[in-house]
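Read off the chains here:
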Protein chains: 8
Amino acid sequence: MNLDELKKVLQSLESGEISWNEAYDKIKYQPYEDLGFAKIDYERNIRQGAAEVVYGEGKTKEQILEIVKHMLDKGEKSVLITRLSKESCDYIKGYLPVFYDEISRICIAGEKPSVNGKTGKIVVVTGGTSDIPVAQEAVLTARFYGNNVVSLYDVGVAGVHRLLDNAQVLSDARVVIAVAGMEGALASVVGGLVDCPVIAVPTSVGYGASFGGLSALLSMLNSCASGVSVVNIDNGFGAGYLAGMINKM
Amino acid sequence: MNLDELKKVLQSLESGEISWNEAYDKIKYQPYEDLGFAKIDYERNIRQGAAEVVYGEGKTKEQILEIVKHMLDKGEKSVLITRLSKESCDYIKGYLPVFYDEISRICIAGEKPSVNGKTGKIVVVTGGTSDIPVAQEAVLTARFYGNNVVSLYDVGVAGVHRLLDNAQVLSDARVVIAVAGMEGALASVVGGLVDCPVIAVPTSVGYGASFGGLSALLSMLNSCASGVSVVNIDNGFGAGYLAGMINKM
Amino acid sequence: MNLDELKKVLQSLESGEISWNEAYDKIKYQPYEDLGFAKIDYERNIRQGAAEVVYGEGKTKEQILEIVKHMLDKGEKSVLITRLSKESCDYIKGYLPVFYDEISRICIAGEKPSVNGKTGKIVVVTGGTSDIPVAQEAVLTARFYGNNVVSLYDVGVAGVHRLLDNAQVLSDARVVIAVAGMEGALASVVGGLVDCPVIAVPTSVGYGASFGGLSALLSMLNSCASGVSVVNIDNGFGAGYLAGMINKM
Amino acid sequence: MNLDELKKVLQSLESGEISWNEAYDKIKYQPYEDLGFAKIDYERNIRQGAAEVVYGEGKTKEQILEIVKHMLDKGEKSVLITRLSKESCDYIKGYLPVFYDEISRICIAGEKPSVNGKTGKIVVVTGGTSDIPVAQEAVLTARFYGNNVVSLYDVGVAGVHRLLDNAQVLSDARVVIAVAGMEGALASVVGGLVDCPVIAVPTSVGYGASFGGLSALLSMLNSCASGVSVVNIDNGFGAGYLAGMINKM
Amino acid sequence: MNLDELKKVLQSLESGEISWNEAYDKIKYQPYEDLGFAKIDYERNIRQGAAEVVYGEGKTKEQILEIVKHMLDKGEKSVLITRLSKESCDYIKGYLPVFYDEISRICIAGEKPSVNGKTGKIVVVTGGTSDIPVAQEAVLTARFYGNNVVSLYDVGVAGVHRLLDNAQVLSDARVVIAVAGMEGALASVVGGLVDCPVIAVPTSVGYGASFGGLSALLSMLNSCASGVSVVNIDNGFGAGYLAGMINKM
Amino acid sequence: MNLDELKKVLQSLESGEISWNEAYDKIKYQPYEDLGFAKIDYERNIRQGAAEVVYGEGKTKEQILEIVKHMLDKGEKSVLITRLSKESCDYIKGYLPVFYDEISRICIAGEKPSVNGKTGKIVVVTGGTSDIPVAQEAVLTARFYGNNVVSLYDVGVAGVHRLLDNAQVLSDARVVIAVAGMEGALASVVGGLVDCPVIAVPTSVGYGASFGGLSALLSMLNSCASGVSVVNIDNGFGAGYLAGMINKM
Amino acid sequence: MNLDELKKVLQSLESGEISWNEAYDKIKYQPYEDLGFAKIDYERNIRQGAAEVVYGEGKTKEQILEIVKHMLDKGEKSVLITRLSKESCDYIKGYLPVFYDEISRICIAGEKPSVNGKTGKIVVVTGGTSDIPVAQEAVLTARFYGNNVVSLYDVGVAGVHRLLDNAQVLSDARVVIAVAGMEGALASVVGGLVDCPVIAVPTSVGYGASFGGLSALLSMLNSCASGVSVVNIDNGFGAGYLAGMINKM
Amino acid sequence: MNLDELKKVLQSLESGEISWNEAYDKIKYQPYEDLGFAKIDYERNIRQGAAEVVYGEGKTKEQILEIVKHMLDKGEKSVLITRLSKESCDYIKGYLPVFYDEISRICIAGEKPSVNGKTGKIVVVTGGTSDIPVAQEAVLTARFYGNNVVSLYDVGVAGVHRLLDNAQVLSDARVVIAVAGMEGALASVVGGLVDCPVIAVPTSVGYGASFGGLSALLSMLNSCASGVSVVNIDNGFGAGYLAGMINKM
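Because the structure is predicted, anything quoted here is derived from the model rather than measured. (Residues numbered from 1 in each chain as written. Chains lettered and ligands numbered in written order. Predicted model: local features only at pLDDT ≥ 70, side-chain atom pairs only at ≥ 80, totals over all residues. Heavy atoms only, no water.)

### Focus: the pairing of strand β6 (residues 106–110) of chain H
All names here are of chain H.
Working step 1: Of all 5 residues that make up β6, 4 are buried, and the element is covered over most of its length.
Working step 2: Judged from the 4 bridges that link them, strand β4 (residues 78–82) and β6 form a sheet pairing that is antiparallel. Bridge pairing in β6 links V79 to A109.
Working step 3: Two elements, strand β5 (residues 98–101) and β6, share 4 bridges in a ladder whose sense is antiparallel. Bridge pairing in β6 links Y100 to C107.
Working step 4: Linkage of β5 to β6, two consecutive antiparallel strands, is achieved through a turn of 4 residues, within which R105 is found at a positive phi near 55°. (Buried < 20%, exposed > 50% of the residue type's maximum accessible area, 1.4 Å probe, protein only. Helix = DSSP H or I, 4+ residues; strand = E, 2+ residues; numbered from the N terminus. Pairing = 2+ DSSP bridges.)

### Comments concerning the confidence of the model for chain A
Residue and element names in this part refer to chain A.
Working step 1: On average, residues of chain A score 86 in pLDDT, and 86% of them are at 70 or above.
Working step 2: Element-level mean pLDDT values for chain A span from 46 in helix α3 (residues 44–48) up to 97 in strand β10 (residues 198–202).
Working step 3: In this model residues 45–49 is a low-confidence stretch, pLDDT under 50, and it forms 19 contacts with partners more than four residues away in sequence or in other chains.
Working step 4: This complex was scored by the predictor with a pTM of 0.87 and an ipTM of 0.84. (pLDDT = per-residue confidence, 0-100. Contact = heavy atoms within 4.5 Å.)

### What to know about helix α6 (residues 132–144) of chain E
Every α-helix carries 3.6 residues per turn, so stepping three or four residues along brings you back to the same face.
All names here are of chain E.
Working step 1: Here α6 is 13 residues long and its end C-alpha atoms lie 18 Å apart, about the 18 Å a rise of 1.5 Å per residue gives.
Working step 2: With 11 of 13 residues buried, α6 is to be regarded as a mostly interior element.
Working step 3: Those residues of α6 not exposed but buried are I132, V134, A135, Q136, E137, A138, V139, L140, T141, A142 and F144.
Working step 4: Just past α6, the residue G146 takes up positive phi, approximately 90°. (Expected span 1.5 Å × (residues − 1).)

### Quick word on the interface of chain B and chain A
Working step 1: Counting residues at the interface gives 32 residues for chain B, matched by 31 residues for chain A.
Working step 2: Remark: the boundary between chain B and chain A carries 0 salt bridges.
Working step 3: Where chain B meets chain A, there are 4 residue pairs in polar contact (both at pLDDT 80 or more).
Working step 4: Where the side of chain B that touches chain A is concerned, the elements lending two or more residues are α3 (44–48), β9 (173–180), α9 (186–193), α10 (214–221), β11 (228–230) and α11 (236–247) of chain B.
Working step 5: No other element matches α11 of chain B, which puts 5 residues into the side of chain B that touches chain A.
Working step 6: In terms of residue class, the side of chain B that touches chain A is built from 17 nonpolar, 11 polar and 4 charged. (Salt bridge = Lys/Arg side-chain N within 4 Å of Asp/Glu carboxyl O. Polar contact = N/O pair within 3.5 Å; in protein donor to acceptor, adjacent residues only side chain to side chain. Nonpolar A, V, L, I, M, F, W, Y, C, P; charged D, E, K, R; others polar.)

### Let's talk about the environment of D101 of chain G
All names here are of chain G.
Working step 1: Along the chain, D101 falls in strand β5 (residues 98–101).
Working step 2: For D101, a relative accessible area of 15% corresponds to the buried category.
Working step 3: Sequence spacing of D101 and Y91 is 10 residues, and the spatial spacing of their C-alpha atoms is 15 Å.
Working step 4: If sequence neighbours within four positions are ignored, D101 has contacts with I106, Q136 and L140.
Working step 5: Looking at D101, its side chain comes within polar contact range of the side chain of S104, at 2.4 Å.

### Points about the sheet that holds strand β6 (residues 106–110) of chain A
Residues and elements named next belong to chain A.
Working step 1: Spatially, β3-β4-β6-β5 is the arrangement adopted by the 4 strands of the open sheet, whose pairing is mixed. Only two strands of the sheet have a single partner each, and these edge strands are β3 (54–55) and β5 (98–101).
Working step 2: In the sheet, β3 pairs with strand β4 (residues 78–82) via 2 bridges, with the strands oriented parallel. In the strand pairing of β4, Y55 is matched with T82.
Working step 3: Where helix α5 (residues 86–93) meets the sheet, it contacts β5 and β6, and its direction lies at approximately 165° from that of β5. (Axes fitted to C-alpha atoms, helices over the stretch in contact; angles between N-to-C directions.)

### Describing the pattern of salt bridges
Working step 1: In total, this model carries 48 salt bridges over all chains according to the counting rule given.
Working step 2: Residues E87 of chain A and K61 of chain A are paired through a salt bridge, measuring 3.6 Å at the closest nitrogen-oxygen approach. Taken together, the residues E87 of chain A in helix α5 and K61 of chain A in helix α4 (residues 61–73) connect sequence positions 26 residues apart.
Working step 3: For E87 of chain A, a relative accessible area of 54% puts it in the exposed group.
Working step 4: Residue R105 of chain F pairs with E57 of chain F through a salt bridge whose shortest N-O separation is 3.5 Å. With R105 of chain F in the loop between β5 (98–101) and β6 (106–110) and E57 of chain F in the loop between β3 (54–55) and α4 (61–73), the pair connects residues that are 48 residues apart, well separated along the chain.
Working step 5: In this structure, a network of salt bridges that share partners links the residues K86, D90 and K93 of chain A.

### A short note on the side chain of N222 of chain H
Working step 1: Note on placement: N222 of chain H falls in the loop between α10 (214–221) and β11 (228–230).
Working step 2: Of note is the side chain of N222 of chain H, whose polar atom sits 3.2 Å from the backbone nitrogen of S210 of chain A.
Working step 3: A polar contact is formed between the side chain of N222 of chain H and the side chain of S215 of chain A, at a distance of 3.0 Å.
Working step 4: Beyond its immediate stretch of four places on either side in the chain, N222 of chain H contacts M182, E183, Y207, A209, S210 and S215 of chain A together with N232 of chain E.

### Quick word on the sheet that holds strand β5 (residues 98–101) of chain D
All names here are of chain D.
Working step 1: Pairing in this open sheet of 4 strands is mixed, and the strands run β3-β4-β6-β5 from one edge to the other. Looking at strand neighbours, the two that pair on one side only are β3 (54–55) and β5, the edges of this open sheet.
Working step 2: Lying over the sheet, helix α4 (residues 61–73) contacts β3, β4 (78–82) and β6 (106–110), oriented at roughly 155° with respect to β4.

### Some points on the packing of aromatic side chains
Working step 1: Under the definition given, this model contains 40 aromatic pairs over all chains.
Working step 2: Measuring from centroid to centroid gives 5.0 Å for F144 of chain G and Y145 of chain G, while their planes differ by 90°, and the two rings are edge-to-face. There is no split in this pair, since F144 of chain G and Y145 of chain G are both buried.
Working step 3: Linked through ring pairs, F144, Y145, F237 and Y241 of chain A together constitute an aromatic cluster.
Working step 4: It is K112 of chain G that lies over the ring of F99 of chain G; its NZ or CZ is 3.9 Å from the centre. (Phe/Tyr/Trp six-rings, centres within 6.5 Å; stacked < 30°, edge-to-face > 60°. Lys NZ or Arg CZ within 6 Å of the ring centre and 35° of its normal.)

### Focus: helix α5 (residues 86–93) of chain C
All names here are of chain C.
Working step 1: Those residues of α5 not exposed but buried are S88, C89 and I92. All buried residues of α5 project into a common sector of 100° when viewed along the axis, lining one side.
Working step 2: Elements that come into contact with the buried residues of α5 comprise α4 (61–73), β5 (98–101) and β6 (106–110). (Arc of directions from axis to C-beta.)

### Side note on the packing of helix α10 (residues 214–221) of chain D against helix α10 (residues 214–221) of chain F
Working step 1: Taken N-terminus to C-terminus, the directions of α10 of chain D and α10 of chain F make an angle of 125°; their axes are 8 Å apart at the nearest point. The orientation of α10 of chain D relative to α10 of chain F falls into the category oblique. Here α10 of chain D and α10 of chain F pass one another in a crossing that is left-handed. Between α10 of chain D and α10 of chain F, the contacting residues are L214, S215, L218 and S219 of chain D on the first element and L214, S215, L218 and S219 of chain F on the second.
Working step 2: Looking at the contact of α10 of chain D with α10 of chain F residue by residue, the class counts come to 4 nonpolar, 4 polar and no charged. (Parallel < 35°, antiparallel > 145°, perpendicular 65-115°, else oblique. Left-handed = near helix turned anticlockwise from the far one by under 90°.)

Below, the structure written as structure tokens:
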């Protein structure tokens, strides 16, 4: 409830249109539903322009099903579930129609949203083949929110001509998501080639001194290219969501 | 030079409009100037829609002056210099007109660019008073690129009503820059309140287990709010630049 | 044995009431029982007002059973065992009456202690659903020591209105336990809302740059709210025990 | 404003006692004062039972003076300033009556609050002589809030009899603050001796593998004694504040 | 394509030898093949004098097979696959002739390359027996590229005479690869004995404070011997490849 | 071979007692046996007064058996194998007489050495029950070298009277081995109680901010007690070996 | 007071030789002197066979003087002060006879103790010239306690023959102290050459990835040589003290 | 002395050509000079083909002078001193002819060696202007050893065309030294462009999450380009020395 709405409620009360009780209910109203173990945030669609997402890791399959069912019952057409195990997905499939991508562990319950072909392009690039699961999480998330997404995989900087040859694809992008593990240099090189925001996603791909993605994370944070910002290691969802938000501006 | 331009050059050569020498010069042309110790990137204004910026730290005052003079000579109207020491600024002031902000150590040589009142608003919030120098770097950078910037300082989450009372200011933003040290929680709370991109800037403000900004950095990377991305510790410039890029979309 | 008791023993010896041998036994007396692999501390109930707790991890099921049986034989009515695996619990169940909570892996052998309804309220809040196992360890520990405990789950700061709507619950608390992983911002926001001690429990919930709870831990240590202190990552027991200690003051 | 107050405002509006404008002002009222670079939180005294504290580091002396003057003007009798440099203190002294302790860099502007002899005792112990500045910050903070504080310095665990000989002092405590650098073992030993909350303050005292207090911090977080919680490295203020809060329960 | 080649293409176009279309194809030509999930870099053999290598970890067995088949189809005689699991190897074996070494998980598909007996010797030394898998990855990689390789295992510095007695073997080397975990001191001692480049490979062999190879890595980076450089933890391939490159100079 | 021996060999050669070939063999003689994958160091018994030990981790059971058999064949009466898996032990048992302790994974092949009752006492103390496997490795190693060892388990500092009541046992020690995880404070407290060397062994026992033993390791390195030195995390063998070395002085 | 002494006191009381008051005094007696900011531990000479040492860092010159004067007044002939700044030393020199070594910042107040020529030799080796200040702290500490000390500087492992040529010196040692920064490999090589305890002292000598001594510390903890233990970075005092303790056994 | 030389010495002794004393001197001969605080290694020129280098940091100016004078006296024509402060250089200049470069703090005492124009080219590239001091250390070191060195500064990957335009320079190199701070991506991009060894030098240039060069170091260690190895942060000397060694092969 913003200040304008507050004014209206108070004016209605002053004018006798509503009682103090009704005003009280409107002002104190909880814009979420309480399941005990979870509080589903319905106002979020209004507040943030996007339905809440269910993070699948660390929740039991029963918890996830209950949350999703409540959301669909309340009128959401589709619900995005990230990091859903195959096993939990199989359980939910018994109750609800779902789309599931095993590589990224992305699940969509309810209707699969359609992509709006008119929006600008989001380009998702990866350094290597092993970064694809994270990239795919970004791709499917952005598409869930109606974005037009192009992917360009295995264009790491050790063979920089593979990237340069796709300069045209990059130059069409309104937002680029750069997904890379190991030394994470992709974000800097891409950042220097394009004139749009670059969202860098470090991945935990690598071994030894990659320290579970720390190396790529630090590289990306220290990027000498402007226009680059970073999300958490392996956070394809966060990158896809943010890219969609920027793309719609 | 993109592929379409390449086609044109080659067709002109085939048709005899230009000689191979001219074609060669166009294709091989170096879009930067080489000062030996630095290579100034002039194509960047075209490629990235923004003039190159001079990072003042680690360069001598003579080097900075030489770079800036070359850039102004080549036709840039104004040059942004970040992290410029007072001492270097005083030296440069002897040769060029400059604007200097001591708090953020931002310097603008040449004309001070004007702000375009019609662009959306960028809101810069800080957790505390000590975060202001970094925030100010973001504010002045974004204004350098013509953005409309509003600042909202000292609204840290330990007194969350200070932030909530300014919900209206936040809701008008097209981009929010959240600047905070210590526990860096500001980014998450702001991220949950707005429906636009939030660029989080961890600062080195704090002591003990803040480990020079590491605590705020990790907090922001782990933000449970969607739409949040992170730049390097104390990187006000990077946040201001990226915010301006998004704001103009 | 404190100095007053020492005086009395010595005066009794001087007056001939007791022999030097009896005095010697009293002074040298070992207030614990030695099982070889463990030394059970019986004086602790007197010294610290609470019976010793058995930390289940890293002990064999036979060791745990032997320790618990000795404690019950010595007169403890109930023994708290933390981090007990399901398998060890099943073994112990063959010998002793036990209550077991699978989510938190808390086990109570012997009588289940009753809660004293008159004590102040301890409120346990979590950032998300995945933090519940740690929170539950705190809840059950505090109840074991007779405290009145209320839980409020999934009120993370990315949807801060969920927390604010429960301000009444928080304002009734004598102690708050804030359990959160990822960015751990919950402790700061709660700390700013209440006027009672807040015990922050970072959890290992998260991925990537959460580094097994390090991110939440650093956040909480750097909290800009006053009245917040921190226990080890995932240490629900420690928080529940300390909260009970404070609540009884 | 809590829900009960909200009800009353709305009932007054319904009954015509107040206009919607007055109601609006009451509900939207900002309980802080905005100085631009800082937002002073006046409601805090009500909300948290203690006036806001000024953290001196990272603020200019002019900023500090302006904040403190506003607070005194608004009716605070005394204001606590932590980590105030000698130089800033000298500046403020020109305008306001202050008490200053050079060792802890604690400053009190306005009246020096009196200690309430009837409250329980807070005992502050240190491992060594070098930990005294941090301990003194805790002592003076707790006294600022009217607590009865006893200090016991240089009782580190490498000569554990020095601690045991003071068992009587410890046993009289309602709260103990254990301040130690290096290996930080003091918190565990003290935690095993007393039956009251122990607030552990790691200090940056040490060299080499103490890594600026990290060693003591980790030790204290891993304490095997129950009832121990930890604040940030060198955070004497936080410990003193929390101890006072617990002591008054 | 280098500048000389560019000149020639342009001169041919000017002289009418080729059309702009042919010129365009030559200049824009992509020297890699796009499989969607991977882009195989064929120019690399020319650019770097060695065929691309397939890094087996993080790729499915189907992806690996497809990549390798394309490479062999394009004319590579043999393809090196590193970190190939036994299971993936068994799958590939169904389609292609392969050599597989279980200890190092090195696989060679196609013809096994022959060693050129005339090249200088590469000597691979290890600190202990547990370092052999990494050493073997280096040995087989170097041999794949035609190098003459000698191995000298279990000559760690705690029994330095074992190393000194093999001084003759070391003095014959053109390049030494020093493979060691734990304290990684081998690189320094070897570096002081020979007058050729030493490539140090830290291994994750060890426990406790070896922190997964970090200890050996730091040791080797801080080597006080000159002529020592370091590759990633457990990166036997990288060392073998680089050694071969140096050996052929 | 030391310089005196060298002189003698040269004098014998000069005097014609031996030929240059015999001298050559004596000087160049390799005091180890080369199995290819391992080099067994026989001179060590002379050089260091103790037979070489076989570190079981990272070696195959066949490698271990071959090494041990060669050592016994060369005249060692018994061979100590550390960190031997149950499975490898069962394999070796098929060929050689062995003693095996499952808790510490210590194995002795050949004759079990007898303890020399006349040597001073080594006292091994642990903080908790979970530290026993590491302590047992120290105990069995020290006994293997003929030392008189006493163990005192579960005397952690959170109940410091358990330690003080055993002051007599500690005061009889010539060397103390202090084994503790979590906060590792045991080493400091013990170090302050005894007047003999204390070898501190941090263990990986703990969770959360113990970071796999790092917390205990740092604590012990920062011990404020004199006479304390530290070995690697979980390195019971190292402590037992060193204690025996000191005990025999 | 040990148990035998306790028995005697109690028997004397029973027999009427002493009153309960006298017994009380004996039992409760505090074996240290309380200066408020420091508690000097006089019993330590009895308990640990060596007078307490004053750690100079973090204490004011007035505090140090007061502590030392009390110790000399109580009968200590000489007091060792470590890490004493030149400035503090000059101050103390005005009141007491002192010996001061600027390189190691070791100070001895009172009589300079004489060395006992009959004790075994302690050999102190360093990797480089820059490690000498730490080594010198060890040398002077060991001599303070009457030990015979030999130093052998700049024998780092990158020129291992410098160490081997001094094998005779090493073989005469009863204890070796190995002082090294950078890669810290010296401890392992020395550990493999001698049959006596090696105390490893990592130093903060180095740059870059030496991370203030962390590299040498980890190396030494992971030493593959037996008989090596480690003290804190730059802790020459600790090594010298422990070496003396072992040397006197 | 190698085994062949040993044979000859022994045969000469057998044949009576030399006495045992002469043999003894030859075998035991120390190939270094002992200054007490330093041991100068003269055999190194023979053993490693390059004179010893004096590392200036951590040595007093008197120590450096003494070492250099001894080396020149022994016949070295010129001595390389690294990391020499301006102040020490001024002192040495009073006694010896020196060449000094303030940017890299490299000093050459004695004759300045001449470059051998016939050797292959070493190309030194930097990411930015601030990396020049480290690069210059590499350049001057390589030239000291007679190498032909070309430098190419400020070609960081955020403007990758600056690097590609210099592809010709890179393709002429026999060894490339890639010097970069911040994200350190330069090494990977260069590594993918050339077919010669790349020595990567991370620098401490950067701020925030560059953590003193750690970010660049990890990037370079994780480089996905083959043929890249890494030296310590800011270790220009090491890179220059190794490049020279490889270049001469």
